[in-house]
Amino acid sequence: MTRSIRPDAVLVQAVIAGALSFAHLHDIAAAAGQDGWKAWAYPISVDLLLVAAWRRLRILRSTGEPTRAAWTWFAVALAASLGANIATAGLLDLTNVPAWLRILVAGWPALAFLGGTLLVHTPPTETDSPAEHVDAVAPKFVPAEVATEPVTAPEPVPDAVEAAEPVPALPAPPPMDVPPALVDHARKLADAHRSSTGHPIDSATLRDRLGLPGPMADQLATHLA
């Protein structure tokens, strides 16, 4: 059975747009004095930084980490690509490139190397042990002792008395104090769990992820509800 091959319009459009942007970056680099293989390396450098920043941005979003650094490098790469596309639209004389543009093109490799290194070699904090992270940001939690009053057994009731007074109920244990730093960290885990599974996090998952006792995990789940 033969399968019909149908071209994907989005993929075709992406290939065309990428080829045009690649050519514009090459033309700007060549006009700025970067001839030969160097002019072809500039578009690759810009596109790789753009892809690396977008990939890092998706990872940080899934783990609930701050995305400011990834957005910064994504904007830098996008500005370089978009600027080259606009400059080649007749707004810039490629036979007489200004000095500031030559400086930007010549300094791009160092900037791209710095951005790529920071994006690739900065591990997310989610890879650390959850228990170690809690110990680092929150003080040791020592549950308070629950004081209960001794309960005395009711005295025998004579046969003539039909109803006896009810035995007083035990007082409810006081709620546990949860450190604010631990609540913030648990909220990040809950947001990441909801974005990846589509369901709110439960106390059992919090207990396993953070290495907490069961009562504290239940109390922490009530703070997130």
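All of these numbers come straight from a predicted model, not from anything done at the bench.

Q: Talk me through the overall build of the protein chain; I want residue IDs and the actual numbers.
A: Each helix and strand in the protein chain was counted, giving eight helices and zero strands. Reading the helices (α) and strands (β) of the protein chain from amino to carboxyl end gives α-α-α-α-α-α-α-α. Taken across its 225 residues, the protein chain has 24% of its residues classed as buried. Taken as a whole, the protein chain presents about 15,800 Å² of accessible surface, with 64% of it coming from carbon and sulfur.

Q: Talk me through helix α2 (residues 37–63); I want residue IDs and the actual numbers.
A: Here α2 contains 27 residues, and its C-alpha end-to-end distance of 39 Å stays within 8% of the 39 Å for a straight helix at 1.5 Å per residue. Immediately downstream of α2, the backbone of glycine 64 shows phi near 75°, a positive value.

Q: I'd like a description of the packing of helix α1 (residues 9–31) against helix α3 (residues 68–91), backed by residues and values.
A: Put simply, α1 and α3 touch, their axes get as near as 8 Å, and they point 75° apart. Judged by the angle between their axes, α1 and α3 are roughly perpendicular. From α1, Leu20, Ser21, His24, Leu25, Asp27 and Ile28 reach across to α3, where they touch Ala80, Ser81, Ala84, Asn85, Ala87 and Thr88. The class makeup of the residues in the contact of α1 with α3 is six nonpolar, five polar and one charged.

Q: Any chance you could break down the confidence of the model for the protein chain for me, citing the residues and the numbers?
A: Averaged over the protein chain, the pLDDT score is 74; the fraction of residues at 70 or greater is 69%. Ranking the elements of the protein chain by mean pLDDT puts helix α5 (residues 130–137) last with 48 and α2 first with 87. Low confidence marks residues 126–134, where pLDDT is under 50. Its contacts with residues over four positions away, or in another chain, come to eleven contacts.

Q: Please set out the nonpolar core residue by residue, giving values where relevant.
A: Counting 24 residues, the largest nonpolar core has Ile28, Leu49, Val105, Trp108 and Leu119 as its most contacted members. Going through the elements one at a time, α1, α2, α3 and α4 (99–120) are the ones with two or more residues in this core. Once you skip the residues sitting within four places of it in the chain, tryptophan 108 turns out to touch Tyr42, Ser45, Val46, Leu49, Val76, Ala77 and Ala80. In terms of nonpolar packing, the next biggest core, distinct from the first, is built from eight residues, Leu189, Ala190, Ile201 and Leu220 among them.

Q: So, a nonpolar patch on the surface: which residues are in play, and what are the values?
A: A surface patch of nonpolar side chains, about 260 Å² in accessible area, is lined by Val12, Ile16 and Leu20. In this fold, leucine 20 is placed in helix α1.

Q: Which residues make up the environment of proline 179, and what are the values?
A: Along the chain, proline 179 turns up in the loop between α5 and α6 (180–197). Proline 179 gets classed as buried once you look at its relative accessible area, which sits at 13%. For the pair formed by proline 179 and leucine 220, sequence separation is 41 residues and the distance between their alpha carbons is 9.5 Å.

Q: Before we move on, can you summarise the packing of aromatic side chains with the specific residues and values?
A: Going through the model one piece at a time under the given rule, you end up with three aromatic pairs. Centre to centre, the rings of phenylalanine 22 and tryptophan 40 are 6.0 Å apart; their planes meet at 25°, and the pair counts as stacked. With phenylalanine 22 in helix α1 and tryptophan 40 in helix α2, this pair connects stretches of sequence that are 18 residues apart. The class of phenylalanine 22 is partly exposed, set by a relative accessible area of 23%.

Q: Please give an account of the side chain of glutamine 34 that cites residues and values.
A: Positionally, glutamine 34 belongs in the loop between α1 and α2. Here glutamine 34 falls in the buried class, since its relative accessible area comes to 14%. What glutamine 34 contacts, discounting residues up to four positions off in sequence, is Ala29, Ala39, Tyr42, Val105 and Ala106.

Q: Please give an account of the packing of α2 against α3 that cites residues and values.
A: Relative orientation of the contacting elements α2 and α3 amounts to 155°, with a least axis distance of 8 Å. The angle between α2 and α3 places the two elements in the roughly antiparallel class. When you trace α2 past α3, the crossing you get is left-handed. Here α2 contributes Val46, Leu49, Leu50, Ala53, Trp54, Arg56, Leu57, Leu60 and Arg61 to the contact with α3, which in turn contributes Ala70, Trp71, Trp73, Phe74, Ala77, Leu78, Ala80 and Ser81. Residues of the contact of α2 with α3, tallied by class, amount to 14 nonpolar, one polar and two charged.

Rules used throughout
Residues numbered from 1 in each chain as written. Predicted model: local features only at pLDDT ≥ 70, side-chain atom pairs only at ≥ 80, totals over all residues. Heavy atoms only, no water. Helix = DSSP H or I, 4+ residues; strand = E, 2+ residues; numbered from the N terminus. Buried < 20%, exposed > 50% of the residue type's maximum accessible area, 1.4 Å probe, protein only. Areas by Shrake-Rupley, 256 points an atom, 1.4 Å probe, with all protein chains shown as cover. Expected span 1.5 Å × (residues − 1). Axes fitted to C-alpha atoms, helices over the stretch in contact; angles between N-to-C directions. Parallel < 35°, antiparallel > 145°, perpendicular 65-115°, else oblique. Contact = heavy atoms within 4.5 Å. Nonpolar A, V, L, I, M, F, W, Y, C, P; charged D, E, K, R; others polar. pLDDT = per-residue confidence, 0-100. Core = buried A, V, L, I, M, F, W, Y, C linked by side-chain atoms within 4.5 Å. Patch = residues over 30% accessible without salt bridge, like charges linked within 9 Å, V, L, I, M, F, W, Y side chains within 5 Å. Salt bridge = Lys/Arg side-chain N within 4 Å of Asp/Glu carboxyl O. Phe/Tyr/Trp six-rings, centres within 6.5 Å; stacked < 30°, edge-to-face > 60°. Left-handed = near helix turned anticlockwise from the far one by under 90°.

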